[in-house]
Amino acid sequence: MIDFTGGQIKNDDSAEDVKSININKNHYLSGPFAVFDDKDEPARPGDLLVVELCDLGVLPGHEWGYTGIFDRENGGGFLADHFPNAAKAIWDLEGIYASSRHIPGVRFAGNIHPGLIGTAPSKELLQIWNERESKLLEEGPEKLTLASVLHHRPMAMLPEPKEALLGTINPKSEVFQRIAKEAARTIPGRENGGNCDIKNLTRGSRVYLPVFVEGANFSLGDLHFSQGDGEVSFCGAIEMSGYAIMRCQIIRNGMDKYLSPMGPTKLHVNPIFEVSPLEPRYSEYLVFEGVSVDEYGKQYYMDASVAYKRAVLNCIYYFTKFGYTPEQVYLLLSCCPCEGRISGIVDVPNACATLAVPIAIFDMDVRPKVPTQYVHVKVAKVSLPQCTYDGKLPKFRRANGT
């Protein structure tokens with residue numbers, strides 16, 4: 001399967017392709033696949049679809065990937081107010097390892113996984129999605145606690161007929177137009193699974209997906225060679241073209257047996273994931289903390305998103321002391337095997353989030369040094385493919401003016 005942009009990003013030293021990407025043409029998926037049991041009976045609404053990821057790999061002849069920062073007004077990212085301009089890093093994929101000419105001094109083991117995996121919604125569930133996401137846009141950012149802090153892109157992506165990807169249906173037909181006007185965008189994860197970007201779903205993992213339509217209509221795509229928790233730059237894993245080998249089974253009436261609805265209908269459920277024992281093994285980490293106080297000094301109440309944003313920013317500017325640019329670290333945290341955690345969620349008024357970065361991925365010692373040991377090493381400077389930000393939205397500036 002091709003990368004999630006359909007091949008829009010190239011293996012070169014320019015970020016113009018990231019800046020001008022047609023974001024409406026994402027994601028390119030494999031499927032939908034109708035699933036039947038050994039008696040040739042299809043999966044039915046109320047069942048659980050068990051998907052075992054038997055093997056995942058890089059597409060032969062495409063042993064490279066990319067990590068990008070979308071322009072703030074064309075996708076953005078978690079820190080778009082800090083990094084509004086487009087940038088990218090190209091990664092060479094050698095066996096299980098990744099390294100980049102654009103972020104020197106770093107090499108790490110990958111953990112190939114699908115960013116998107118899920119079943120098709122029923123008409124009722126699709127209507128629930130479209131109604132609640134439309135209401136989110138109608139109410140506007142002023143009614144939401146996080147909107148002033150996480151204003152990195154549209155608050156929701158509603159159905160968009162233009163350039164909808166609907167398989168083999170004729171784009172000029174009335175059927176295509178009808179479906180495109182209500183078909184859900186694949187940007188977020190939802191009750192069906194979807195674009196949850198869970199980096200641990202690699203070879204040997206099992207996914208237990210609720211079934212809402214006959215056959216389940218299972219799809220997957222958006223393959224990642226590696227990803228950091230949160231995929232913070234949005235185009236932020238090592239995006240790649242690859243292949244997947246799976247085995248599917250059906251648990252009849254599994255939704256009633258194993259899932260507990262948390263909402264007004266029986267459709268308000270979420271998948272269960274059984275992660276693989278295979279993952280990169282790192283034993284030493286530098287851990288960065290953030291609390292529910294934004295970079296302007298405003299206090300928020302138990303806000304884990306603000307806390308995680310602060311942890312990421314604290315981490316980014318720490319590594320600039322070793323010669324990296326903030327953009328290089330932002331890209332690195334999106335795709336290296338770093339571990340994000342909600343470490344505290346009960347101690348008012350601050351939620352506490354942490355971001356743990358494995359120190360063995362660097363070819364120098366990046367730990368703080370006491371004065372008697374102090375030999376400060378910096379990475380060699382290289383040119384990161386970047387574009388200018390031409391929009392009018394404000395950019396955060398630190399106290400020193402940068």
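In this text the structure is predicted, and so the values were computed from the model without any measurement.

Trainee: Residues and numbers for the overall build of the protein, please.
Mentor: Looking only at helices and strands, one finds six helices and 17 strands in the protein. Taken over the C-alpha trace, the protein has a radius of gyration of 22 Å; the compact-globule value for 402 residues is 21 Å, and the two agree within 12%. Oriented by its inertia axes, the alpha-carbon framework of the protein measures out at about 70 × 50 × 45 Å. Looking at the protein residue by residue over its 402 residues, the buried ones come to 51%. Residue pairs at least 24 apart in sequence account for 78% of intrachain contacts in the protein once pairs closer than 6 positions are excluded. Carbon and sulfur atoms make up 53% of the accessible area of the protein, which amounts to about 19000 Å² in all.

Trainee: Give me the lowdown on the side chain of N85, citing residues and values where you can.
Mentor: Mapped onto the fold, N85 is located in the loop between β3 (64-69) and β4 (87-94). There is a polar contact of 3.0 Å between the side chain of N85 and the side chain of Q386. Only 3.1 Å separates the side chain of N85 from the backbone oxygen of C387, close enough to count as a polar contact. Leave out the neighbours within four places in its chain, and N85 touches I69, E327, Q386, C387, T388 and Y389.

Trainee: Please give an account of the packing of helix α5 (residues 304-319) against helix α6 (residues 326-335) that cites residues and values.
Mentor: Contact pair α5 / α6: the axes reach a minimum separation of 8 Å and the direction vectors enclose 125°. When the axis of α5 is compared with that of α6, the two are oblique. The element α5 and its partner α6 pack so that their crossing is right-handed. Two secondary-structure elements touch here, α5 through V312, C315, I316, Y317 and F319 and α6 through P326, V329, Y330 and L333.

Trainee: So, the sheet that holds strand β14 (residues 272-274): which residues are in play, and what are the values?
Mentor: Taken in spatial order, the four strands make up an open sheet running β13-β2-β10-β14, and their pairing is antiparallel. Edge strands, defined here as strands with exactly one partner in the open sheet, are β13 (242-251) and β14. The sheet shows a mean angle of 25° between the axes of neighbouring strands, direction not considered.

Trainee: Quick one: what's the story with the side chain of Q328, residue by residue and with numbers?
Mentor: With respect to the element layout, Q328 can be found in helix α6. In this structure Q328 comes out as buried when scored by relative accessible area, which is 3%. Of note is the side chain of Q328, whose polar atom sits 3.0 Å from the backbone nitrogen of T325. Once you skip the residues sitting within four places of it in the chain, Q328 turns out to touch H102, I103, P104, G323, V382 and L384.

Trainee: If you had to explain the packing of aromatic side chains to someone new, which residues and values would you point to?
Mentor: One pass over the full model with this rule turns up twelve aromatic pairs. Ring geometry for Y318 versus F319: centroids 5.2 Å apart, planes at 85°, classification edge-to-face. For the pair Y318 and F322, a centre-to-centre distance of 5.4 Å together with 50° between the ring planes defines the contact as tilted. Both residues of the pair, Y318 and F322, count as buried. Put simply, the rings of F288, Y318, F319, F322, Y324 and F362 pair up and form one aromatic cluster. Over the aromatic face of W129 sits the side chain of R190, whose NZ or CZ is 4.7 Å from the ring centroid.

Trainee: Describe α6, with residues and values.
Mentor: The buried count for α6 comes to nine of ten residues, which makes it a mostly enclosed element. Within α6, burial applies to E327, Q328, V329, Y330, L331, L332, L333, S334 and C335. The inward-facing, buried residues of α6 abut β3, β4, β6 (107-109), β12 (234-239), α5 and β17 (352-358).

Trainee: Outline a nonpolar patch on the surface, listing residues and values.
Mentor: A cluster of nonpolar residues, I342, I345 and V346, forms a patch on the protein surface that exposes about 320 Å² of accessible area. Mapped onto the secondary structure, V346 falls in the loop between β16 (339-344) and β17. Judged by its relative accessible area of 65%, V346 falls in the exposed class.

Trainee: Describe the sheet that holds β17, and please don't skip the residues or the numbers.
Mentor: Strand order in the open sheet formed by three strands is β15-β17-β16, and the pairing between neighbours is antiparallel. Two strands close off the open sheet at either side, each with one partner strand: β15 (285-291) and β16. Averaged over all pairs of adjacent strands, the angle between strand axes in this sheet comes to 25°, irrespective of strand direction. Note: β15 against β17, seven bridges, orientation antiparallel. From the neighbouring strand, E289 faces β17, where its bridge partner is T354. α5 rests against β15, β16 and β17 of the sheet, and its axis sits at about 135° to β15.

Calculation criteria
Residues numbered from 1 in each chain as written. Predicted model: local features only at pLDDT ≥ 70, side-chain atom pairs only at ≥ 80, totals over all residues. Heavy atoms only, no water. Helix = DSSP H or I, 4+ residues; strand = E, 2+ residues; numbered from the N terminus. Rg over C-alpha atoms; globule rule 2.2 N^0.38 Å. Buried < 20%, exposed > 50% of the residue type's maximum accessible area, 1.4 Å probe, protein only. Contact = heavy atoms within 4.5 Å. Areas by Shrake-Rupley, 256 points an atom, 1.4 Å probe, with all protein chains shown as cover. Polar contact = N/O pair within 3.5 Å; in protein donor to acceptor, adjacent residues only side chain to side chain. Axes fitted to C-alpha atoms, helices over the stretch in contact; angles between N-to-C directions. Parallel < 35°, antiparallel > 145°, perpendicular 65-115°, else oblique. Left-handed = near helix turned anticlockwise from the far one by under 90°. Pairing = 2+ DSSP bridges. Phe/Tyr/Trp six-rings, centres within 6.5 Å; stacked < 30°, edge-to-face > 60°. Lys NZ or Arg CZ within 6 Å of the ring centre and 35° of its normal. Patch = residues over 30% accessible without salt bridge, like charges linked within 9 Å, V, L, I, M, F, W, Y side chains within 5 Å. Salt bridge = Lys/Arg side-chain N within 4 Å of Asp/Glu carboxyl O.

By themselves, these observations are geometric and do not establish any function.
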